[in-house]
Amino acid sequence: CLKYEKKSISSPEVGRLQTVLKDLEFYTGEVNNTYDDYTISSVIEFQETFYQTMLKPWNLTKGTGYKYKTTNKFLNELYGCSTGDLVLENGVTVSY
């Protein structure tokens, strides 16, 4: 499972995110463990592609580029790592 981690500048977890996004064809850059502008734009594209799943529960209309709770949960679900229900700070329960 991917760990939940707010936007960090550089870590192995960022490299894992880049690898997953590359597998899903949202990221074509080098896996460099750095949360750079290219990684951010890839996360935004991923979030906006799956708007209903990641952004709508937050009442957002645009991707943020952060691998926050719903983005992390959806990535894990795509890779068969179920994390159970998620209750957001706004009271919305996310389950899939």
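Refer to the structure presented above.
From a predicted model like this one, the values you see are computed outputs, not experimental measurements.

(A) Representation of helix α4 (residues 69–78) in the model. Of all ten residues in α4, seven are buried, a share of seventy percent or more. Where α4 is concerned, the buried positions are Thr-70, Thr-71, Asn-72, Lys-73, Phe-74, Leu-75 and Asn-76. Against α1 (12–23), α2 (37–49), α3 (51–54), β1 (86–87) and β2 (93–94) lie the buried residues of α4. Positive backbone phi, at 75 degrees, marks Gly-80, one or two positions downstream of α4.

(B) Focus on the packing of aromatic side chains. Tallying each qualifying case throughout the model produces eight aromatic pairs. For the pair Trp-58 and Tyr-68, a centre-to-centre distance of 5.4 Å together with 40 degrees between the ring planes defines the contact as tilted. Remark: Tyr-68 occurs in the loop between α3 and α4 and Trp-58 occurs in the loop between α3 and α4; sequence separation between them is ten residues. Of note, Lys-73 hangs over the ring of Tyr-96, and the distance from its end group to the ring centre comes to 5.2 Å.

(C) Expanded view of unusual backbone geometry. Residues other than glycine seldom take positive phi values, yet Asn-33 does so here, at roughly 65 degrees. Counting through the fold element by element, Asn-33 comes out in the loop between α1 and α2. A positive phi is found at Asn-59, a non-glycine position, where the angle reads about 60 degrees. Looking at where Asn-59 falls in the secondary structure, it is placed in the loop between α3 and α4.

(D) Just the packing of α1 against α2, in detail. Contact geometry of α1 with α2 gives a least axis separation of 11 Å together with a crossing angle of 50 degrees. Taken together, the axes of α1 and α2 are oblique relative to one another. α1 and α2 meet at a crossing whose hand is left-handed. Listed contacts from α2 to Leu-17, Gln-18 and Leu-21 of α1 are Thr-39, Ser-42, Val-43 and Phe-46.

So, how was this worked out
- Residues numbered from 1 in each chain as written.
- Predicted model: local features only at pLDDT ≥ 70, side-chain atom pairs only at ≥ 80, totals over all residues.
- Heavy atoms only, no water.
- Buried < 20%, exposed > 50% of the residue type's maximum accessible area, 1.4 Å probe, protein only.
- Helix = DSSP H or I, 4+ residues; strand = E, 2+ residues; numbered from the N terminus.
- Contact = heavy atoms within 4.5 Å.
- Phe/Tyr/Trp six-rings, centres within 6.5 Å; stacked < 30°, edge-to-face > 60°.
- Lys NZ or Arg CZ within 6 Å of the ring centre and 35° of its normal.
- Axes fitted to C-alpha atoms, helices over the stretch in contact; angles between N-to-C directions.
- Parallel < 35°, antiparallel > 145°, perpendicular 65-115°, else oblique.
- Left-handed = near helix turned anticlockwise from the far one by under 90°.

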